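# Architecture and fold: a report
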Amino acid sequence: MGRMAGRRVLLAVPVLAAVTFGVFAVAAASPFDPVKAYAGTAGLTASQENLDQLRANLGVDRPLVSRWWDWLGSALGGDLGDSTVMRQPVADVIGERLGWSVLLATAAFAVAVLLGTGLGVLAARRPGRLLDRCVSAAAYTLEAAPAFWLGLLAIWFFALELGLLPAGGLTDAASDTVTLGQVAGHLELPAAVLGISQLPWFFLYVRQGVADALGEDPVRGARARGLSERTVLLGHALRSGMLPMLTLIGSRVPELITGALLVETVFSWPGIAAATVQAATSVDFPLLAALTVLATVAVVLGNLLSDLLYALADPRVGFDG
């Protein structure tokens with residue numbers, strides 16, 4: 001396990017370097033002017049001399065490779081630079097928002113995996129029955145539904161029509177303190193929306209995997225030995241049928257990140273979505289690079305987690321294979 005993780009870490013180093021360089025290259029080719037974005041309305045009346053001086057102070061007048069190399073060296077030393085749009089250190093911008101994004105993504109991921117697995121097992125147990133047809137049809141429909149559309153629909157129904165859940169934010173409008181109860185209440189709707197947007201793939205993979213496993217010789221042998229249907233389903237078919245789903249975890253991380261950004265925006269969740277949008281529109285080099293590295297690390301860790309779970313679930317797969 002340690003050797004596999006070590007290899008993945010070594011392979012991630014050039015990937016992260018290439019990704020960050022790509023961010024600086026794309027930002028440099030962008031028509032947006034970071035100096036004018038930094039200056040705001042004052043930049044409309046500022047002289048060209050003042051703008052050039054500000055450009056030199058921000059370091060955006062230097063060659064692309066020099067800017068990227070200096071940022072990379074500082075980042076390796078723990079200094080991610082200062083955000084030109086947020087007017088504060090990049091580490092502080094991410095630190096203030098990352099925890100809320102991780103909370104939302106973790107809760108949504110749990111909803112998708114648990115609900116998708118449960119429904120997949122029930123559908124695979126009796127394929128072609130009413131439950132299987134209804135849930136499968138809903139899953140295929142949800143595959144085509146954007147996360148932001150689901151979020152708007154959920155706000156209209158649960159918050160506006162029924163008044164059961166808050167429409168957005170982290171706490172109640174009249175509250176000036178953050179409490180666990182308020183956070184939990186405000187988390188329910190965005191986590192459910194994000195989880196349901198990811199549910200179809202987990203459901204379909206589990207359903208197909210368990211259905212295939214129920215027709216394999218080991219499962220038929222377990223039934224012939226007189227084991228209960230519950231034991232056969234959960235102890236044999238589910239374990240074998242879960243293997244394809246485990247490989248899905250890593251591939252769903254990019255979509256989970258994208259969906260989380262959309263859901264955060266719809267529900268005004270105080271995560272990194274707003275910072276990402278502002279960094280992109282204002283060509284904030286340091287913040288863009290840091291957020292991109294963060295997303296790339298999440299994808300690498302997701303793929304590593306998939307491989308480790310697969311190897312743990314199937315003894316035939318070696319960690320060093």
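See the structure above.
Report follows, based on the coordinates. None of the values given here were measured: they were computed from a predicted structure.

Rules behind the numbers
Residues numbered from 1 in each chain as written. Predicted model: local features only at pLDDT ≥ 70, side-chain atom pairs only at ≥ 80, totals over all residues. Heavy atoms only, no water. Salt bridge = Lys/Arg side-chain N within 4 Å of Asp/Glu carboxyl O. Buried < 20%, exposed > 50% of the residue type's maximum accessible area, 1.4 Å probe, protein only. Helix = DSSP H or I, 4+ residues; strand = E, 2+ residues; numbered from the N terminus. Axes fitted to C-alpha atoms, helices over the stretch in contact; angles between N-to-C directions. Parallel < 35°, antiparallel > 145°, perpendicular 65-115°, else oblique. Left-handed = near helix turned anticlockwise from the far one by under 90°. Contact = heavy atoms within 4.5 Å. Nonpolar A, V, L, I, M, F, W, Y, C, P; charged D, E, K, R; others polar. Expected span 1.5 Å × (residues − 1).

What follows deals with the pattern of salt bridges. What the rule picks out here adds up to two salt bridges. The shortest N-O distance in the salt bridge between Arg97 and Glu96 comes to 3.3 Å. By relative accessible area, Glu96 is classed as partly exposed at 44%. Where Arg207 meets Asp132, a salt bridge forms, and the shortest distance between an N and an O atom there is 2.6 Å. You can see Arg207 sitting in helix 9 (residues 180–214) and its partner Asp132 sitting in helix 7 (residues 130–143), a full 75 residues away along the chain.

Turning our attention to the packing of helix 7 against helix 9. In contact at an axis separation of 8 Å, helix 7 and helix 9 are set at 130° when each is read in the N-to-C sense. Relative to helix 9, the element helix 7 is oriented oblique. In this structure, helix 7 crosses over helix 9, and the sense of that crossing is left-handed. In contact with Asp132, Val135, Ser136, Ala139, Tyr140, Leu142 and Glu143 of helix 7, helix 9 contributes Ile196, Pro200, Trp201, Phe203, Leu204 and Arg207.

This part is about the packing of helix 8 (residues 147–161) against helix 9. Running from N to C, helix 8 and helix 9 cross one another at 140°; their axes reach a closest spacing of 9 Å. Put simply, helix 8 runs oblique to helix 9. The two elements helix 8 and helix 9 cross, and the hand of that crossing is right-handed. Where helix 8 approaches helix 9, its residues Ala147, Leu150, Gly151, Ala154, Ile155 and Phe158 are matched on the opposing element by Leu189, Val193 and Ser197. Residue classes in the contact of helix 8 with helix 9 are distributed as seven nonpolar, two polar and no charged.

Taking 1.5 Å of rise per residue, 15 residues should cover 21 Å, and helix 8 covers 20 Å from first to last C-alpha, within 8% of that figure. All buried positions along helix 8 are accounted for by Ala147, Leu150, Gly151, Ala154, Ile155 and Ala159. Phi for Gly163, located one or two positions after helix 8, is positive at around 70°.

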